[in-house]
Amino acid sequence: MTLRLIAAIAVSLATLALQSRADVVKVGVIAPMSGPFSAVGQTWEGATKAYQKLNGTTAGGHTIEVIYRDLPDINPAQAKALAQELIIKEGAQYIAGLYFTPDTLAVAALAQEAKVPVVIFNASTSSLLEKSDYLLRTSYTLPQMAVPVAKYALEKNIRNVVSLVSDFGPGLDAEKAFNTAFVAGGGKLLEAIRAPLKTTDFGPLMQRVKALKPDALYVFGPGGPATYAMIKAYNEAGLRAAGVRFLGTGETDEDQLRAIGPELLGIETGMFYSATHNSPLNHAAVKALAEVAPKAIPTVQLANAFDGLHVIYHMVKATDGKRDGPKALAAAKGFSWESPRGPVKIDPASREFVQNVYMRVVEKDSSGRFVNREFRTFEMQPDYGRIQGAAK
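Definitions and cut-offs
- Residues numbered from 1 in each chain as written.
- Predicted model: local features only at pLDDT ≥ 70, side-chain atom pairs only at ≥ 80, totals over all residues.
- Heavy atoms only, no water.
- Salt bridge = Lys/Arg side-chain N within 4 Å of Asp/Glu carboxyl O.
- Helix = DSSP H or I, 4+ residues; strand = E, 2+ residues; numbered from the N terminus.
- Buried < 20%, exposed > 50% of the residue type's maximum accessible area, 1.4 Å probe, protein only.
- 1 Å grid on protein atoms, 1.4 Å probe; cavity = no way out; pocket = protein on both sides within 12 Å on 5 of 7 lines; lining within 4 Å.
- Points joined across faces, edges and corners; volume = space filled by probe spheres on them.
- Nonpolar A, V, L, I, M, F, W, Y, C, P; charged D, E, K, R; others polar.
- Phe/Tyr/Trp six-rings, centres within 6.5 Å; stacked < 30°, edge-to-face > 60°.
- Axes fitted to C-alpha atoms, helices over the stretch in contact; angles between N-to-C directions.
- Parallel < 35°, antiparallel > 145°, perpendicular 65-115°, else oblique.
- Left-handed = near helix turned anticlockwise from the far one by under 90°.
- Contact = heavy atoms within 4.5 Å.
- Domains from an automatic or database assignment.
- Buried area = accessible area lost by both parts, 1.4 Å probe.
- pLDDT = per-residue confidence, 0-100.
- Expected span 1.5 Å × (residues − 1).
- Pairing = 2+ DSSP bridges.

Here we take up the pattern of salt bridges. Summed over the entire model, instances satisfying the criterion amount to 17 salt bridges. Across the pair Lys-49 and Glu-45 runs a salt bridge, and its minimum N-O distance is 3.8 Å. Taken as a pair, Lys-49 and Glu-45 lie in helix H2 (residues 38-55) at a separation of four residues, close to a single helical turn. For Lys-49, a relative accessible area of 40% puts it in the partly exposed group. Glu-45 gets classed as partly exposed once you look at its relative accessible area, which sits at 25%.

A complete count under the given rule lists one cavity of 30 Å³ or more for this structure. In this model, the largest cavity occupies a volume close to 50 Å³. Around the largest cavity sit Ile-30, Ala-31, Pro-32, Leu-71, Pro-72, Asp-73, Leu-98, Tyr-99, Phe-100 and Asp-103, which together line it. The class makeup of the residues in the lining of the largest cavity is eight nonpolar, no polar and two charged.

Bringing the environment of Glu-291 into the picture now. Assignment of secondary structure puts Glu-291 in helix H10 (residues 280-292). For the pair formed by Glu-291 and Val-25, sequence separation is 266 residues and the distance between their alpha carbons is 25 Å.

As a further point, take the packing of aromatic side chains. Applying the stated criterion across every chain, the model contains 15 aromatic pairs. Ring geometry for Trp-337 and Phe-353: centres 5.7 Å apart, planes at 50°, overall tilted. Note that Trp-337 is positioned in strand S12 (residues 336-339) and Phe-353 in strand S14 (residues 353-364), a separation of 16 residues in sequence. Pair check on accessibility: Trp-337 and Phe-353 agree, each one buried. Taken together, the ring pairs in this structure connect Phe-37, Trp-44, Tyr-99, Phe-100 and Phe-121 into an aromatic cluster.

A separate point is the packing of helix H11 (residues 300-319) against helix H12 (residues 325-332). In the contact formed by H11 and H12, the axes pass within 9 Å of each other and the chain directions differ by 120°. The angle between H11 and H12 falls in the class oblique. The handedness of the crossing between H11 and H12 is right-handed. Where H11 approaches H12, its residues Val-311, His-314, Met-315, Ala-318 and Thr-319 are matched on the opposing element by Lys-327, Ala-328, Leu-329, Ala-331 and Ala-332. Residues of the contact of H11 with H12, tallied by class, amount to seven nonpolar, two polar and one charged.

A word on the domain arrangement of the chain. As far as domains go, the chain holds domain 1 (24-140 + 277-351) and domain 2 (143-271 + 357-390). For domain 1 versus domain 2, the distance between C-alpha centres works out to 27 Å. Of the residues lining the interface, 24 residues belong to domain 1; the matching set on domain 2 comes to 24 residues. Roughly 1900 Å² of surface becomes buried between domain 1 and domain 2 when both sides are summed, with 60% attributable to carbon and sulfur atoms. Between the two partners, domain 1 and domain 2, sit one salt bridge. Here Asp-73 and Lys-198 are joined by a salt bridge, their closest N and O atoms 3.8 Å apart.

Bringing the confidence of the model for the chain into the picture now. In this model, the chain carries a mean pLDDT of 93, and residues with pLDDT of at least 70 account for 93%. Taken as a whole, residues 14-20 scores under 50 in pLDDT and shows four contacts with residues more than four places along the chain or in a different chain.

Our next topic: the layout of surface pockets. Taken as a whole, the largest pocket holds about 400 Å³ of empty space. A total of four residues in the lining of the largest pocket trace back to one element, the largest contributor, which is H2. Of the residues in the lining of the largest pocket, the class split is 15 nonpolar, 14 polar and three charged. Two domains each provide a minimum of three residues to the lining of the largest pocket, namely domain 1 (24-140 + 277-351) and domain 2 (143-271 + 357-390).

In this section: H11. Taking 1.5 Å of rise per residue, the 20 residues of H11 would be expected to cover 28 Å, and the 29 Å separating its terminal C-alpha atoms lies within 8% of that figure. Where burial is concerned, most of H11 is hidden: 16 out of the 20 residues are buried. Asp-320 sits one or two positions beyond H11 and adopts a positive phi of about 50°.

All right, on to the sheet that holds strand S3 (residues 62-70) then. Read across the sheet, six strands follow the order S2-S3-S1-S4-S5-S6 without closing on themselves; strand pairing throughout is mixed. The open sheet has two free edges, formed respectively by strand S2 (58-59) and strand S6 (135-137), since each of these has just one partner strand. Contacting strand S1 (24-31), S3 and strand S4 (94-97), helix H3 (residues 76-89) runs over the sheet at an angle of about 170° to S1.

Okay, here's the thing in structure tokens:
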């Protein structure tokens with residue numbers, strides 16, 4: 001960070017700090033509002049509106065104004081520029097959103113310097129929160145999801161697997177966590193395959209998997225077109241017909257269910273949320289989303305943004321609307337509540353999200369819709385990435 005930028009931030013924040021408290025607290029959300037991941041941005045925007053429909057637009061007497069900035073694809077330089085604009089020009093007290101890990105890394109140093117809390121709605125690389133004291137996460141880490149999936153595989157007497165992940169931070173986290181837990185439990189890893197992030201033709205890789213004849217294939221896809229291509233290649237290569245089980249995390253999210261449909265039937269994933277999660281709060285959140293944003297899809301991103309805004313409301317109340325990053329973070333540490341996904345908590349030491357992980361299977365419901373049915377719960381799972389790292 002340049003000295004000129006540091007000075008600009010310092011002057012801007014000093015000016016804002018002269019106000020004893022803010023009648024309007026601004027939250028800047030950096031989101032893919034256009035481009036290949038625009039469904040995520042639409043759901044985040046819908047989720048924040050749904051949260052405010054259910055909980056009001058004020059926290060502790062202060063109006064919460066949510067401002068969006070579009071970041072269509074991975075672009076760390078642009079992510080940093082947008083965060084600077086939101087903090088300096090817009091006076092945002094909180095930054096949120098951030099779909100990809102590289103973009104979040106670019107914002108981390110800025111958050112540390114400006115003492116601005118950043119609530120991550122998605123980016124899931126395990127080591128992210130180590131990059132700044134002002135980062136929180138209301139999504140997940142891949143190790144948090146992958147280890148329960150490995151435990152489930154062992155429960156089902158799956159003895160050998162091939163892993164196939166997208167070759168970037170979250171994919172490597174998923175690969176390491178799943179393979180480590182699976183092998184430690186007595187399973188055998190036949191091969192660990194990494195696909196370049198922009199891969200759209202998975203046919204040759206699936207043929208390679210088929211030749212290895214595993215009991216199951218564990219995957220992590222980045223979402224969007226690449227994940228669609230991965231599922232299609234799995235079926236076209238005859239892996240399903242050969243009895244190779246497909247184990248994953250978010251590959252059957254509700255946007256995939258709508259886009260792919262029948263090809264997902266029977267696929268098993270471990271994730272922290274399903275739109276069919278049976279709780280009054282989830283039913284209310286899904287209903288509110290449909291009312292305020294009819295085009296938004298109730299994927300895991302509904303829970304991520306809904307909970308993210310809940311944490312921000314909590315921090316605003318704790319600081320009485322004042323610009324006080326350290327006090328806001330102190331209030332968030334150890335905070336627990338009931339989410340649309342079930343019970344959740346922010347770990348007081350690591351600031352990681354602690355939550356249930358549900359094994360889900362794609363089925364057709366009574367109305368003919370494709371849904372993720374939750375059938376096995378691994379309760380209040382930590383970030384296994386940190387645990388496995390500490391065990392080196």
